[in-house]
Amino acid sequence: MSREEIDTVAGAAAALEAGALSSRELVTERLAAIDRDPALNAFITVTAERALAAADAADRRRRDGEATALTGVPIALKDIFCTRDVRTTAGSRILQDWIAPYDATVTERLDAAGAVSLGKTNMDEFAMGSSGENSHFGATLNPWDRTRVPGGSSSGSAAAIAAGLVPGAIGTDTGGSIRQPAAFCGLTGLKPTYGRVSRWGMIAFASSLDQAGPLGHSAEDVALLLDAIAGFDPRDSTSVDRPAERYADACGMAVTPFTVGIPEHLFEALSPALAGVIDEARAVLEGLGVRCVPMRLDHASSGVAAYYVIAPAEASTNLSRFDGVRFGHRCEAPTSIDDLYARTRAEGFGAEVKRRILTGTYALSVGYYEAYYRRAQRVRRLIRDEFLAAFGSVDAILTPTTPTPAFPLGDKTDDPVAMYLQDVFTIPANLAGIPGLSMPAGRVEGLPVGVQLLGTHFAERTLIALAAAFQRETDHHLQRPAGAGS
């Protein structure tokens, strides 16, 4: 089979099932591709020996007739998922040498499905960023244009897929960190409903917003990965006790009954080129028999302001555990407990993490809690209620994923507010806890851009069905950057 036929999760799975190649052959080839492209900086840790051993085990499972759809398929994990006996850093100096003593639930479930992890991908430190530039291990580059960012915080996962290093990967999404890099790198990325995928063993940024999810080239790819990782986990108090669904089956669902709402009033500041992408996506959906209707989301524009109070407040609490006492980096020769805490955190955390901790601590402090944090939570409830009311008359909502294509490296590092506004279309879904899927929909300035489908809670099958139907009519998800995998 040609390389193009096996660079997707679905294609690799089909090739393995047909016996066209072994998992060891496929994994060996992908490890070589990673070695050939260190400048991309997509991986923090490559686990070559473990991957080859897992590939051999997958090949034995296939010979014994015990394979699942993902058995032997190479994947990668964002370096925020604990992996037993493997360095797990969250992109931070404070955890740069920490070896996880246990597996996250996501890691366990992928192992159980027979997927072969090639390593841990680069990311903005503690998932705080929209560009992939905040990692202690250096910025990840965008395979479509290496002078541009790949998006963040799941930067390495997206870049690794786009560059042909792995067919699929797992990221996390707190305010758009799966969907935004998917859009910038020409991929399909899915943020599931909050509680649909276990957060146990996933290093926390903002606990009420973080959600793990898949990235791949197509709706079928993300459906296959979601089938493996979704489901109730009694170890995670935020996990929803709800029967698992067959997401891959949704790729063949009819979409003619669906109604999609389009809040055009939110798109007024878009460039004509990006607005044209939305119009083209709408035309494709209407050609499929989907009914597209105008709608309003009057509170969604307040999402960024609410998010950048709530998320830093939760980060301030979650990151207090990194104190130099129990694990991770510890400063040299502290003179007191206060000195230990202050110097350990000053040395271990990067600038963006410090900025958000300070913002969150301020918002939670006496005299400001009511003015900022509680008010932000009220806005969050308004956004959630508005979405739920909208889904009484539409099955999904179509928006851009990002307000621009991928921007140049360094372009927004000195302007945090401009960076935060990159998440204007993605953040509302996290505040509401609803699922969102980004899919490639065209090019602007020669770079891939995505459109986003939002659904009500646990409507992942609807989003996958719409995306799969869209991708049967378009070829945006089939396009690759020059030199991918070479």
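The text that follows walks through the structure, step by step, so that each part is easy to find. (Residues numbered from 1 in each chain as written. Predicted model: local features only at pLDDT ≥ 70, side-chain atom pairs only at ≥ 80, totals over all residues. Heavy atoms only, no water.)

## What to know about the overall build of the protein chain
- In terms of helices and strands, the protein chain carries 15 helices and eleven strands.
- Relative to the 2.2 N^0.38 estimate, which gives 23 Å for 486 residues, the radius of gyration of the protein chain is 21 Å and therefore close to what a compact globule would have.
- Within the protein chain, contacts between residues separated by at least 24 positions form 75% of all contacts whose residues are at least 6 apart in sequence.
- Per element, the accessible surface of the protein chain, about 17,500 Å² overall, is 52% carbon and sulfur.
- Here the protein chain holds 46 positive side-chain charges and 58 negative ones, and the gap between their average locations is 4 Å. (Helix = DSSP H or I, 4+ residues; strand = E, 2+ residues; numbered from the N terminus. Rg over C-alpha atoms; globule rule 2.2 N^0.38 Å. Contact = heavy atoms within 4.5 Å. Areas by Shrake-Rupley, 256 points an atom, 1.4 Å probe, with all protein chains shown as cover. Lys, Arg positive; Asp, Glu negative; His and termini not counted. Charge placed at Lys NZ, Arg CZ, Asp CG, Glu CD.)

## Topic: the packing of helix H9 (residues 303-318) against helix H12 (residues 369-390)
- Between H9 and H12, the shortest axis-to-axis distance is 9 Å and the interhelical angle comes to 125 degrees. Regarding the angle of H9 to H12, the classification is oblique. For the pair H9 and H12, the sense of crossing is left-handed. On H12, the residues touching Gly303, Ala306, Val309, Ile310, Ala313 and Glu314 of H9 are Tyr372, Tyr373, Ala376, Gln377, Val379, Arg380 and Ile383.
- Looking at the contact of H9 with H12, its residues break down into nine nonpolar, two polar and two charged. (Axes fitted to C-alpha atoms, helices over the stretch in contact; angles between N-to-C directions. Parallel < 35°, antiparallel > 145°, perpendicular 65-115°, else oblique. Left-handed = near helix turned anticlockwise from the far one by under 90°. Nonpolar A, V, L, I, M, F, W, Y, C, P; charged D, E, K, R; others polar.)

## Observations regarding H12
- Compared with an ideal rise of 1.5 Å per residue, which puts 22 residues at 32 Å, H12 spans 31 Å between its outermost C-alpha atoms and is within 8% of the ideal.
- Along H12, the positions that sit buried rather than exposed are Tyr373, Ala376, Arg380, Ile383, Glu386, Phe387 and Ala390.
- Packed against the buried residues of H12 are H9, helix H11 (351-364), strand S9 (396-400), helix H14 (427-432) and strand S11 (447-454). (Expected span 1.5 Å × (residues − 1). Buried < 20%, exposed > 50% of the residue type's maximum accessible area, 1.4 Å probe, protein only.)

## Side note on the environment of Arg61
- Tracing the backbone through its elements, the reader meets Arg61 in helix H3 (residues 48-63).
- Under the relative-accessibility criterion, Arg61 is labelled partly exposed at 23%.
- Along the backbone, Arg61 and Ala76 are 15 residues apart, and their C-alpha atoms lie at a distance of 20 Å.
- For Arg61, the residues in contact, after removing those within four places along its chain, are Glu66, Ala67, Thr68, Thr71, Asp111, Ala112, Ala113 and Gly114.

## Things to note about a nonpolar patch on the surface
- On the surface, Tyr362, Tyr368 and Tyr372 cluster together into a nonpolar patch covering about 300 Å² of accessible area.
- You can see Tyr368 is positioned in the loop between H11 and H12. (Patch = residues over 30% accessible without salt bridge, like charges linked within 9 Å, V, L, I, M, F, W, Y side chains within 5 Å. Salt bridge = Lys/Arg side-chain N within 4 Å of Asp/Glu carboxyl O.)

## Points about the side chain of Arg196
- Considering the arrangement of structural elements, one finds Arg196 in the loop between strand S5 (188-191) and strand S6 (212-216).
- No salt bridge is formed by the buried Arg196. Its closest oppositely charged neighbour is Glu245, at 4.2 Å.
- Separated by 3.5 Å, the side chains of Arg196 and Tyr247 make a polar contact.
- Sequence-distant contacts of Arg196, that is, excluding residues within four places in its chain, are made with Gln211, Ala230, Gly231, Phe232, Val240, Arg242, Pro243, Glu245, Tyr247, Phe458 and Glu460. (Polar contact = N/O pair within 3.5 Å; in protein donor to acceptor, adjacent residues only side chain to side chain.)

## Regarding unusual backbone geometry
- For the peptide bond that leads from Gly152 to Ser153, omega is 5 degrees, which places it in the cis range.
- Assignment of secondary structure puts Ser153 in the loop between strand S3 (116-121) and helix H5 (155-162).
- Phi angles above zero are rare outside glycine, and Glu445 is one such case at about 55 degrees.
- Within the secondary structure, Glu445 is located in the loop between strand S10 (436-444) and S11.
- For Phe458, which is not glycine, the phi dihedral falls at a positive 65 degrees.
- Within the secondary structure, Phe458 is located in the loop between S11 and helix H15 (460-473).

## As for the environment of Asn142
- Here Asn142 lies in the loop between S3 and H5.
- You can call Asn142 buried: its relative accessible area is 0%.
- Through-space distance from the C-alpha of Asn142 to that of Val366 is 43 Å; in sequence the pair is 224 residues apart.
- Those residues in contact with Asn142 that lie beyond four places of it in its chain are Arg148, Val149, Pro150, Phe184, Cys185 and Ala406.
- A distance of 2.9 Å separates a polar atom in the side chain of Asn142 from the backbone nitrogen of Trp144.

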